[in-house]
Amino acid sequence: MTDKKLSGAGLRGQSAGETALSTVGKSGSGLTYRGYDLKDLADNVCFEEVAYLILKGELPNQQQLNEYVIKLKSLRGLPTALKEVLERIPADTHPMDVMRTGCSMLGNLEPEHSFNEQNEAADRLLAAFPSIICYWYRFSHDGVRIETETDDEHIGAHFLHLLHSKKPSDLHAKVMDSSLILYAEHEFNASTFTGRVCASTLSDMHSCVTGAIGSLRGPLHGGANEAAMALIENLKDEQDARDTLAGMLARKDKIMGFGHAIYRESDPRNAIIKSWSEQLAADFGDDRLYRVSVACESIMWEQKKLFCNADFFHASAYHYMGIPTELFTPIFVCSRLTGWAAHVMEQRSNNRIIRPSADYVGEEPRRVKPIAER
Ligand SMILES: CC(=O)SCCNC(=O)CCNC(=O)[C@H](O)C(C)(C)COP(=O)(O)OP(=O)(O)OC[C@H]1O[C@@H](n2cnc3c(N)ncnc32)[C@H](O)[C@@H]1OP(=O)(O)O
Ligand SMILES: O=C([O-])CC(=O)C(=O)O
């Protein structure tokens, strides 16, 4: 999609405001968080440092990081009333609906009374989201009430620990940390823009984040990592991938995990998660999912000049770590909370209600007919 047109419907290519948080596709494929290149961050820092950078403006020094990690660890527990609500949500509910309800319920129990509390509200959500989704998942699927406070330093390892009731391997902990960095922030994407529109009415943090979760849920956005898994899990080998995709493209089906609204040549997050997926495949001892994913990548580029976005290789990577497919997008939430909350704060700091205009394409003016004549 190297000749992608950044104009037309969907507000494509139009500036909808200013941000100091990130740049997306400025050089065709780049991604920076507050001036730092994504790859530089992924190679050198942990997710908590990235969260601190995004939420507070600068990378922390060692003491600030230590204090931040301790603070986030102290915020992992869930109030009883929230656990009771989670226990009542049926097992066949989509986990993104659980995230939406969990966020909203926390907003009832621990409301943001004023914008002076916005940093506290953001840190609490960041710490509590893995607890919310894993508490519900383990209760509804395994019938156990898990303890949501672990001594894991990092949120990624903590999530896997809650999910599997054991500490993850070093490799899995590292991949989860990296994955959270990749998903943390992405300028005015649909879910973030939802959060900013809500923030522009001077609403509270939980409402903004709850709305953002709803937007992320769809398969054209965050839900694409689950949809990509549904595709690759049925592909037997590279030839099957070739045949299946040829059929889908002939039918003009959307192939989830490919293409992007802004990037033209590649998504910089893909190379990083693809490399992790390859390492996980070797560690797992069965590389079919990785191989068919690579085959899909080549076919899509050959046939349509479409490239993998952040979601495609996340599917195999998460699967290799034993994560159930329906929990893929909730992990995105656990990470993107940082970007959403920072955008809410940025919107509040220089606010004007977001209220665009529409081009009217409806009926000409007309008079109401008496009901008997309609
Ligand atoms: C983390 C994230 O949220 S990344 C995005 C995750 N979403 C997906 O992976 C869903 C699949 N991808 C898509 O639906 C799209 O590429 C989007 C939503 C990401 C971007 O949408 P747009 O900016 O409208 O796409 P774009 O303008 O590049 O589309 C150009 C053409 O390529 C086609 N196309 C784009 N993506 C795909 C795809 N994944 N599979 C098949 N065809 C595609 C479009 O249908 C369009 O064809 P047309 O000109 O015949 O109508
Ligand atoms: O920017 C977008 O449109 C979607 C995306 O990749 C993200 O939110 O990470």
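Residues numbered from 1 in each chain as written. Chains lettered and ligands numbered in written order. Predicted model: local features only at pLDDT ≥ 70, side-chain atom pairs only at ≥ 80, totals over all residues. Heavy atoms only, no water.

Trainee: Break down the overall build of the protein for me, citing the residues and quoting the values.
Mentor: Across its full length, the protein carries 16 helices and three strands. Taken against the 2.2 N^0.38 rule, which gives 21 Å for 374 residues, the C-alpha radius of gyration of the protein at 21 Å falls within 12% of a compact globule. When its C-alpha atoms are laid out on the principal axes, the protein stretches across 70 × 55 × 45 Å. The proportion of buried residues among the 374 residues of the protein is 51%. (Helix = DSSP H or I, 4+ residues; strand = E, 2+ residues; numbered from the N terminus. Rg over C-alpha atoms; globule rule 2.2 N^0.38 Å. Buried < 20%, exposed > 50% of the residue type's maximum accessible area, 1.4 Å probe, protein only.)

Trainee: Report on the domain arrangement of the protein, specifying residues and quantitative values.
Mentor: Partitioning the protein into domains gives domain 1 (22–219 + 325–349) and domain 2 (224–321). Distance between the C-alpha centres of domain 1 and domain 2: 25 Å. Contacts between the two partners involve 32 residues from domain 1, matched on the other side by 27 residues from domain 2. Roughly 2500 Å² of surface becomes buried between domain 1 and domain 2 when both sides are summed, with 65% attributable to carbon and sulfur atoms. Between domain 1 and domain 2 we count zero salt bridges in total. Here domain 1 is connected to domain 2 by 11 residue pairs in polar contact (both at pLDDT 80 or more). Mapped onto the side of domain 1 that touches domain 2, the elements with two or more residues apiece are α1 (38–44), α7 (155–164), α8 (170–183) and α16 (328–349). The element that contributes the greatest number of residues to the side of domain 1 that touches domain 2 is α8, accounting for nine residues. Here the side of domain 1 that touches domain 2 is built from residues that sort into 15 nonpolar, 13 polar and four charged. (Domains from an automatic or database assignment. Contact = heavy atoms within 4.5 Å. Buried area = accessible area lost by both parts, 1.4 Å probe. Salt bridge = Lys/Arg side-chain N within 4 Å of Asp/Glu carboxyl O. Polar contact = N/O pair within 3.5 Å; in protein donor to acceptor, adjacent residues only side chain to side chain. Nonpolar A, V, L, I, M, F, W, Y, C, P; charged D, E, K, R; others polar.)

Trainee: Tell me what's going on with the packing of aromatic side chains, and back it up with residues and numbers.
Mentor: Scanning the model with the defined rule gives nine aromatic pairs in all. Taking 4.6 Å as the distance between ring centres and 50° as the angle between the ring planes, the aromatic pair formed by Phe 258 and Phe 312 counts as tilted. Note that Phe 258 is positioned in the loop between α12 (238–250) and α13 (268–284) and Phe 312 in helix α15 (residues 312–320), a separation of 54 residues in sequence. Judged by its relative accessible area of 0%, Phe 312 is buried. Judged by centre distance (5.2 Å) and plane angle (65°), the rings of Tyr 318 and Phe 328 are edge-to-face. With Tyr 318 in helix α15 and Phe 328 in helix α16, this residue pair connects regions lying 10 residues apart in the sequence. Its guanidinium or amino end placed over the ring of Tyr 52, Lys 56 lies 5.9 Å from that ring's centre, counting from NZ or CZ. The ring of Phe 115 carries the charged tip of Arg 348 above its face, separated from the ring centre by 3.7 Å. (Phe/Tyr/Trp six-rings, centres within 6.5 Å; stacked < 30°, edge-to-face > 60°. Lys NZ or Arg CZ within 6 Å of the ring centre and 35° of its normal.)

Trainee: Describe the layout of surface pockets, naming the residues involved and giving the relevant values.
Mentor: To find leftover empty space, a probe the size of one water molecule is rolled over the atoms. Roughly 220 Å³ of internal volume is contained in the second largest pocket. Lining the second largest pocket are 13 residues; nearest its centre among them are Gly 17, Glu 18, Arg 196, Gln 347 and Asn 350. (1 Å grid on protein atoms, 1.4 Å probe; cavity = no way out; pocket = protein on both sides within 12 Å on 5 of 7 lines; lining within 4 Å. Points joined across faces, edges and corners; volume = space filled by probe spheres on them.)

Trainee: Give a detailed account of the site of ligand 2, specifying residues and quantitative values.
Mentor: His 186, Asn 189, His 221, His 260, Arg 269, Phe 332 and Arg 336 make up every residue found near ligand 2. Between ligand 2 and His 186 there is a distance of 2.7 Å, counted from an oxygen atom to a side-chain nitrogen or oxygen. Between ligand 2 and the protein, one listed contact pairs an oxygen atom with a side-chain N or O atom of His 260 at 2.7 Å. Contact with the protein chains covers 84% of the free accessible surface of ligand 2, which is 260 Å². (Near = heavy atom within 4 Å. Areas by Shrake-Rupley, 256 points an atom, 1.4 Å probe, with all protein chains shown as cover.)

Trainee: Can you tell me about the packing of α12 against helix α14 (residues 288–304), naming the residues and giving the values?
Mentor: Running from N to C, α12 and α14 point in directions that differ by 40°, and their axes come no closer than 9 Å. Taken together, the axis directions place α12 and α14 in an arrangement best described as oblique. The crossing of α12 and α14 is right-handed. On α14, the residues that touch Glu 238, Ala 241, Arg 242, Leu 245 and Leu 249 of α12 are Arg 291, Val 292, Ala 295, Cys 296, Ile 299, Met 300, Glu 302, Gln 303 and Lys 304. Tallied by class, residues from the contact of α12 with α14 come to eight nonpolar, one polar and five charged. (Axes fitted to C-alpha atoms, helices over the stretch in contact; angles between N-to-C directions. Parallel < 35°, antiparallel > 145°, perpendicular 65-115°, else oblique. Left-handed = near helix turned anticlockwise from the far one by under 90°.)

Trainee: Please set out the pattern of salt bridges residue by residue, giving values where relevant.
Mentor: Pairing is possible between side chains that carry opposite charge, provided their charged atoms lie close to one another. According to the stated counting rule, one finds 21 salt bridges in the structure shown. In this structure, the salt-bridge partner of Lys 56 is Asp 123, at a minimum N-O distance of 3.4 Å. With Lys 56 in helix α2 (residues 47–56) and Asp 123 in helix α6 (residues 118–142), this residue pair connects regions lying 67 residues apart in the sequence. Using a relative accessible area of 34% as the deciding quantity, one classes Lys 56 as partly exposed. Judged by relative accessible area, Asp 123 falls into the buried class, the value being 1%. Measuring nitrogen to oxygen at the nearest pair gives 2.9 Å for the salt bridge that ties Glu 153 to Lys 73. Placement of the pair is Glu 153 in the loop between α6 and α7 and Lys 73 in helix α3 (residues 62–74), with a sequence separation of 80 residues. Classification of Glu 153 as partly exposed rests on a relative accessible area of 43%. One salt-bridge network, in which partners are shared between bridges, spans Lys 56, Lys 71, Glu 120 and Asp 123.

Trainee: Kindly report on the sheet that holds strand β2 (residues 31–33), identifying the contributing residues and their values.
Mentor: Here we have three strands laid out as an open sheet, ordered β1-β2-β3, and antiparallel in their pairing. Since the sheet does not close on itself, it has two edges, and those belong to β1 (22–24) and β3 (36–37), each with one partner. Pairing of β2 with β3 involves two bridges; the strand directions are antiparallel. Paired with Thr 32 across the bridge in β3 is Asp 37. (Pairing = 2+ DSSP bridges.)

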